[in-house]
Amino acid sequence: DGPMKGPCLIELDETKKRARITIGTETVEVGPREYTPWMVVPFDGMTGIARLYIQTWDEHFELYVTPININPDDPVMPISHPFVYSIYLAKMLGPYATLGLAEDTWALNERVIDEEAFLKQAWLICDERKQQLWNVLDKTKKGFVTVVFDTSDRISHMFYRYLDPTHPANRGRSAEELAKYKDTIPQTYAEMDKLVGELLEKLGDDPKTCLMVISDHGFCNFRRGVNLNTWLKEQGYLVLKEGSETSPDWFAKVDWSRTRAFTLGLTGVFINRKGREAHGIVSKGPEMDALCRELKTKLEALVDPQTGERVIKEAFITHEVHKGPYADMAPELLIGYERGFRHSWDCATGSVSKEVFTDNTKSWSGDHCVDPRLVPGVFWCDKQINTETPRLMDMAPTVLDVFGVPIPAYMQGAPLFGERKQAARPASKGAEAKS
């Protein structure tokens, strides 16, 4: 019973250790620790797609199902522009992952699947992207092509703990298991390097073709979670309702009439501003500016009582480093953590916990939500560029310049080819780092 339409049947052959899985009108056969192809999952008025995976067979039979993806061959909502492009890709290459974060990181965090299952899933998705890249290159004789490969990001998030045997997430794990996956991240980067090599070979030496390999960040260890909502409560900036010592997700027990600051998400501290927040009490102007300065000073002095390490490299006052039509909706402070620290999981969802600091015991053990100067990205190009310090903000002006499109005056950054042109400069070193 449930919203799915049509049969869902699993037939087990104990002798051959094979399972026949039927969903709707499709039937496939797989063995233990083997993913099915994408299967169409029928619902009332729509379809999705999912892969199934036999996690265990012997003592217990466990069948894992990926999150339901929008079916690119029959999308219930637009997932490409033009609308037909997702359908075209599915017709040409077969179904493919369509979720924004397709690799099921939370299933590994919650130990629903293990490392082997996650890696197989990640590389299946990578292969889909690779086939899409080859297809679009073959079809594009002139123009702009871009494809996002997120494999190295997802694997780095989930396997960074194997680079650090002392990571809290490794407690109770055997030396054999730690050794098994210690080279996973280096091997991942080797595979991505191989992909770049294949791409270079495919492109040939046409001087009119330019290849750029870009990442927007690097990685570092994530050992300790920091609940800044709890810290704000201890410092008197966030107040709970009478009789409450903690608060569950989404600020359920926060007294907004006495709360001046809070945090939600992964890097920002918001002021409870009049005119923006539903129950704002802090006026924009001198009152808010003084509060931001006060918070910045205290945050940058915060240390981890367990190790004595400084927690925050720099707390950026947002209006000093970012401009634009939506800047007023941003958090008033951006938190540039030191390596090893990040907002705790419960802090990110608006919880106020008992402790400020907790060990990160999740498989998600690597991160980049820290001071951006500590996790620089990578830029590689097969053409000479005009600076030794390319920035992410230079990418858009560069592409526009290559195609002869005028660069808007408001756009920060500068083209990377030809003579270095004067670019709009950010207000501080912090802005340049964040950009």
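Above this text sits the structure in question.
Residues numbered from 1 in each chain as written. Predicted model: local features only at pLDDT ≥ 70, side-chain atom pairs only at ≥ 80, totals over all residues. Heavy atoms only, no water.

Caption draft 1: Quick look at the packing of helix α3 (residues 115-139) against helix α6 (residues 184-203). It is at 12 Å that the axes of α3 and α6 come closest, and there the two elements cross at 10°. On the basis of their axis angle, the class for α3 and α6 is roughly parallel. α3 and α6 meet at a crossing whose hand is right-handed. Residue-level inspection shows Leu 119, Trp 123, Cys 126, Lys 130, Leu 133, Trp 134, Leu 137 and Asp 138 of α3 in contact with α6, the latter providing Thr 184, Thr 188, Glu 191, Met 192, Leu 195, Glu 198, Leu 199, Lys 202 and Leu 203. Within the contact of α3 with α6, the residues separate by chemical class into ten nonpolar, two polar and five charged. (Axes fitted to C-alpha atoms, helices over the stretch in contact; angles between N-to-C directions. Helix = DSSP H or I, 4+ residues; strand = E, 2+ residues; numbered from the N terminus. Parallel < 35°, antiparallel > 145°, perpendicular 65-115°, else oblique. Left-handed = near helix turned anticlockwise from the far one by under 90°. Contact = heavy atoms within 4.5 Å. Nonpolar A, V, L, I, M, F, W, Y, C, P; charged D, E, K, R; others polar.)

Caption draft 2: The arrangement of a nonpolar patch on the surface in detail. A cluster of nonpolar side chains, namely Met 46, Val 76, Met 77 and Ile 79, defines an oily patch on the protein surface of about 330 Å² accessible area. Examined against the element boundaries, Met 77 turns out to sit in the loop between β8 (69-70) and α1 (84-93). Residue classification places Met 77 among the partly exposed positions, given a relative accessible area of 47%. (Patch = residues over 30% accessible without salt bridge, like charges linked within 9 Å, V, L, I, M, F, W, Y side chains within 5 Å. Areas by Shrake-Rupley, 256 points an atom, 1.4 Å probe, with all protein chains shown as cover. Salt bridge = Lys/Arg side-chain N within 4 Å of Asp/Glu carboxyl O. Buried < 20%, exposed > 50% of the residue type's maximum accessible area, 1.4 Å probe, protein only.)

Caption draft 3: Seen up close, the sheet that holds strand β3 (residues 26-30). Spatially, three strands are ordered β1-β2-β3 in an open sheet, and the strand pairing comes out antiparallel. Every interior strand has two partners, whereas the edge strands, β1 (8-13) and β3, have only one. Strand-to-strand twist of the sheet, defined as the mean angle between neighbouring strand axes without regard to direction, takes the value 15°. In this sheet, strand β2 (residues 18-23) lies alongside β1 in antiparallel orientation, the contact comprising six bridges. Within β2, the residue paired with Leu 12 across the bridge is Ala 19. (Pairing = 2+ DSSP bridges.)

Caption draft 4: Spotlight on the nonpolar core. By size, the foremost hydrophobic cluster in this structure holds 37 residues, and its most contacted members are Val 226, Leu 228, Leu 295, Leu 299, Ile 335 and Tyr 337. Of all elements in the fold, only β10 (220-226), α7 (228-235), β11 (261-263), β12 (268-271), α8 (286-300), β13 (312-317) and β14 (333-337) reach the threshold of two or more residues within this core. Considering each element in turn, this core owes the most residues, five residues, to α8. Non-local contacts of Leu 295, meaning those with residues more than four positions away in its chain, are made with Trp 231, Leu 232, Tyr 237, Ala 261, Val 269, Ile 271 and Leu 333. Membership of the second largest hydrophobic core comes to 21 residues, among which are Tyr 53, Ala 107, Ile 155 and Trp 364. (Core = buried A, V, L, I, M, F, W, Y, C linked by side-chain atoms within 4.5 Å.)

Caption draft 5: Just the pairing of strand β7 (residues 62-65), in detail. By the bridge criterion, four bridges tie strand β6 (residues 52-56) to β7 in an arrangement that is antiparallel. When the bridges of β7 are listed, Thr 56 appears paired with Glu 62. Two successive antiparallel strands, β6 and β7, enclose a turn made up of five residues.

Caption draft 6: Spotlight on unusual backbone geometry. Residues His 81 and Pro 82 are joined by a peptide bond in cis, for which omega reads 0°. Tracing the backbone through its elements, the reader meets Pro 82 in the loop between β8 and α1. The backbone phi angle of Arg 111 is positive, close to 60°, even though this residue is not glycine. Examined against the element boundaries, Arg 111 turns out to sit in the loop between α2 (105-109) and α3. For Arg 111, a relative accessible area of 37% translates into the label partly exposed. Positive phi, normally seen in glycine, also occurs at Phe 251, with a value near 60°. Residue position: Phe 251 is located in the loop between α7 and β11. The buried category is assigned to Phe 251, whose relative accessible area is 9%.

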